[in-house]
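Coordinates in review
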Protein chains: 2
Amino acid sequence: MTASLIGLDWGTTSFRAWRMGADGQVLDRVNQGPGILAAAKLPGGFQAALTAAIGPWLHPSVPIIASGMITSRNGWVETPYQPLPLGVEALAQTLVDEDFDGHRIWFVSGAISDRDGPSPDVMRGEETEIIGHIAASGVSEGRFILPGTHNKWAQVQDGKLTAFRTVMTGEVFQLLSEHSILGRLIQQGAPSPAAFLRGLQAGAADGPLLGRIFSARSLALMDRLAATEVADYLSGLLIGDEVAHSVTEDAQRTVTIIGRGDLAERYLMALQTKGIEATIAAPGMAQRGLWTIAKHAGII
Amino acid sequence: MTASLIGLDWGTTSFRAWRMGADGQVLDRVNQGPGILAAAKLPGGFQAALTAAIGPWLHPSVPIIASGMITSRNGWVETPYQPLPLGVEALAQTLVDEDFDGHRIWFVSGAISDRDGPSPDVMRGEETEIIGHIAASGVSEGRFILPGTHNKWAQVQDGKLTAFRTVMTGEVFQLLSEHSILGRLIQQGAPSPAAFLRGLQAGAADGPLLGRIFSARSLALMDRLAATEVADYLSGLLIGDEVAHSVTEDAQRTVTIIGRGDLAERYLMALQTKGIEATIAAPGMAQRGLWTIAKHAGII
């Protein structure tokens, strides 16, 4: 079947691509490839990486649209950040295009919140997934979390992104596991939901976070936490703290988790443990967002 | 002058020793040597390390007393943790002694809080510094912070240690500086007290800590924080969060900082910024504590 659009979700360490038909249906997909850090170092850079990953799909009549860190300072083309509230129209109007061997590639803008305030924040790629979710679900209001190395908590009103915050829980969990005194106690083992739940409770307790994490060590020293449970306990503690401080009293509406696999399940459990209704979104939101933005831009 | 006691404060990566006279006065001192991690790997281990560091001081008639991580599972002798409240008498009664080439060395116990509770905590070495401060100042009540890789916040009543908590701010600052996405933005430069103060404010703000730290990146991306200011901003943010969550409303009494140098000054500034009276203790608390415990034990 003839393709009408190629979509790319190209992150720091990830690469996903979709070949889409006339109605946005997925004809073909690629789930891995070099992230932008790796691609930038290849001979031929991003163009070579893209050709290697999806060369047979490329055709002058098929536009390409890309979102994610590929639009950052270290990416292929740096697109401006768009202010909030941000909807599909503004994203469609601010696409940045580039020619590449006779092909046309369009880059989606990132989003910025609180540019001049005490705590500005930025995203690249997640705005596209949120747009995809709005298009797919027809829901125009809500609270979202997109778990990852850097989680994004986002708020949507009237079909537009109105607020968001980055939380570095994933990266800090990794640092503590690999490099800290807590990590030295970790032994790999079967997942322990019980240890994760204990961690969630410690995460919701009072006192400084960087004090509470020490309990992962002291409990292990007291033989009250097995070495194979330390990682799940620590994961629960960090996620529990994040959730406790991100979901405020007046906003305990349903939270939609845009993500997959183990990490999405952990956030689901953390939210439900706090009595907050939560659901995991259907997969495919990045692809759907890219299609929706391209459609609004008149590229297809 | 004849020595009557040798004191050792022997930590994970530090070694300090004092040769004391009949009234506890310092006759001689050594400020560096291998910490326990390094000493354990030497041929001859701890004994060889000690002989190399202070061999000329050693004499069968001069007892040695040691505190710090040297009394931990990875140290020379593992001493038990003593429960709270913990005063000099209990520390004197629970010394563990060992012979070493005709010399007698006494090891101070560590302290444990909340052994069976949700968040047990342990210390080795800081209890001795606190005992030293009580002896030196005559003050028998108060709130203390001992800054370091793992800070200890401690409470003293009736001359005894009654509560404490470990906060891993120092280690996490180092991890974020060396290994995280925030660290990549750091350029060394002249210290910036202004950036530290900005960090303190962000540290006292609402929201999850692992979200607020991301502002060190976003402010730098917006050119609102210079690369040479990122480290001081991040230091202020972590310390500000720690102080905000450690000093509760009902306990805003004077805090005594037992420590030296730049880190002690940072905590002084953080506490004063929050309107909390704070002072830096006189130096020499570890040596004074070792002397006081030895005296109570009748070793000297």
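That block above? That's the structure.
Below or above, wherever it landed, is the structure these notes cover. Note that the structure is predicted; figures quoted are calculated from it, not measured. (Residues numbered from 1 in each chain as written. Chains lettered and ligands numbered in written order. Predicted model: local features only at pLDDT ≥ 70, side-chain atom pairs only at ≥ 80, totals over all residues. Heavy atoms only, no water.)

1. Some details on helix H6 (residues 193–203) of chain A
Residue and element names in this part refer to chain A. Definition in use: Exposure is judged per residue with a 1.4 Å probe applied to protein chains only, and the accessible area is read against the type maximum: over 50% gives exposed, under 20% gives buried, and values in between give partly exposed. Counting from the N terminus, the helices are the DSSP runs of H or I reaching at least four residues and the strands are the DSSP runs of E reaching at least two. The directions from the helix axis to the C-beta atoms form the arc being described. Every residue pair with non-hydrogen atoms within 4.5 Å of one another is taken to be in contact.
Along H6, the residues that are buried comprise Ala195, Phe196, Gly199, Leu200, Ala202 and Gly203. Each buried residue of H6 lies within a common arc of 165 degrees when the element is viewed along its axis, so the set occupies one face. Looking at H6, the residues exposed on the side facing more than 90 degrees away from the buried face are Pro193, Ala194 and Gln201. Turning to H6, the residues buried within the fold contact helix H7 (209–212), helix H9 (230–246) and helix H10 (261–273).

2. Describing the relation of the copies chain B and chain A
Test applied: Least squares is used to superpose the copies, and the fit set is the C-alpha atoms of residues whose pLDDT is at least 70 in both copies.
Between chain B and chain A, the superposition needs a rotation of 180 degrees and an axial shift of 0.0 Å, giving an RMSD of 0.0 Å. Such a combination of turn and shift is consistent with a two-fold rotation axis. When C-alpha distances to the rotation axis are compared across chain B, the minimum falls at Leu175 of chain B, with a value of 3.4 Å. When you check the interface residues of chain B against chain A, 100% turn up at the interface there too, and the contact is symmetric in its surfaces.

3. What to know about helix H4 (residues 126–137) of chain B
Residues and elements named next belong to chain B. The following threshold applies: Expected span of a helix, by definition, is 1.5 Å for each gap between consecutive residues, and there is one gap fewer than residues.
With twelve residues, H4 ought to run about 16 Å at 1.5 Å a step, and its terminal C-alpha atoms sit 16 Å apart, in line with that. Counting buried residues along H4, nine of its twelve residues qualify, which places the element largely inside the surrounding structure. All buried positions along H4 are accounted for by Glu126, Glu127, Thr128, Glu129, Ile130, Ile131, Gly132, His133 and Ile134. Downstream of H4 by one or two residues, Gly138 has phi in the positive range, about 75 degrees.

4. So, the sheet that holds strand E3 (residues 26–30) of chain A
All names here are of chain A. To keep things clear, this is the line we draw: Strand pairing is assigned whenever DSSP identifies at least 2 bridges connecting the two strands. Note on method: axes are straight lines fitted to C-alpha atoms, helices fitted across the in-contact stretch only, with angles between N-to-C directions ranging 0 to 180 degrees.
Across the sheet, six strands lie side by side as E3-E2-E1-E4-E7-E6; this open sheet has mixed pairing. Of all strands in the sheet, those bounded by a partner on one side alone are E3 and strand E6 (96–100). Along the sheet, successive strands turn relative to each other by an average axial angle of 20 degrees, direction set aside. Sheet contacts for helix H11 (residues 285–297): strand E1 (5–10), strand E2 (15–20), E3 and strand E4 (64–67); angle to E1, the most-contacted strand, approximately 125 degrees.

5. Some thoughts on the packing of aromatic side chains
So the rule is basically this: Pairing of aromatic side chains requires ring centres within 6.5 Å, counting the rings of Phe and Tyr and the six-membered ring of Trp. Pairs whose planes differ by under 30 degrees are stacked, by over 60 edge-to-face, and all others tilted. In our convention, an over-ring charge means Lys NZ or Arg CZ found within 6 Å of a ring centre and within 35 degrees of that ring's normal.
All chains considered together, the criterion is met by twelve aromatic pairs over all chains. Plain terms: the ring middles of Phe46 of chain B and Trp76 of chain B are 6.2 Å apart, the flat faces sit at 15 degrees to each other, and that makes the pair stacked. Within this pair, whereas Phe46 of chain B is found in helix H2 (residues 45–54), its partner Trp76 of chain B is found in the loop between strand E4 (64–67) and strand E5 (81–83), the two being separated by 30 residues in sequence. We note that Phe46 of chain B, like Trp76 of chain B, is buried. Pairwise contacts between aromatic rings join Trp10, Phe15, Phe46, Trp76, Phe100 and Phe107 of chain A into one cluster. The ring of Tyr81 of chain A carries Arg124 of chain A above its face, with NZ or CZ at 4.2 Å from the centroid.

6. Regarding the packing of H6 of chain A against H9 of chain A
All names here are of chain A. The criterion, for reference: We call a crossing left-handed when the near helix sits turned anticlockwise from the far one by less than a right angle, and right-handed when that turn is clockwise. Residue polarity follows a fixed list, in which Ala, Val, Leu, Ile, Met, Phe, Trp, Tyr, Cys and Pro are nonpolar, Asp, Glu, Lys and Arg are charged, and the others, Gly among them, are polar.
Contact geometry of H6 with H9 gives a least axis separation of 6 Å together with a crossing angle of 35 degrees. Once H6 is placed against H9, the crossing between them reads as right-handed. Contacts between H6 and H9 involve Ala195, Phe196, Arg198, Gly199, Leu200, Ala202 and Gly203 from the first element and Asp232, Tyr233, Ser235, Gly236, Leu237, Ile239, Gly240 and Asp241 from the second. In terms of residue class, the contact of H6 with H9 is made up of seven nonpolar, five polar and three charged.

Interpretation in functional terms is not warranted from these geometric data alone.
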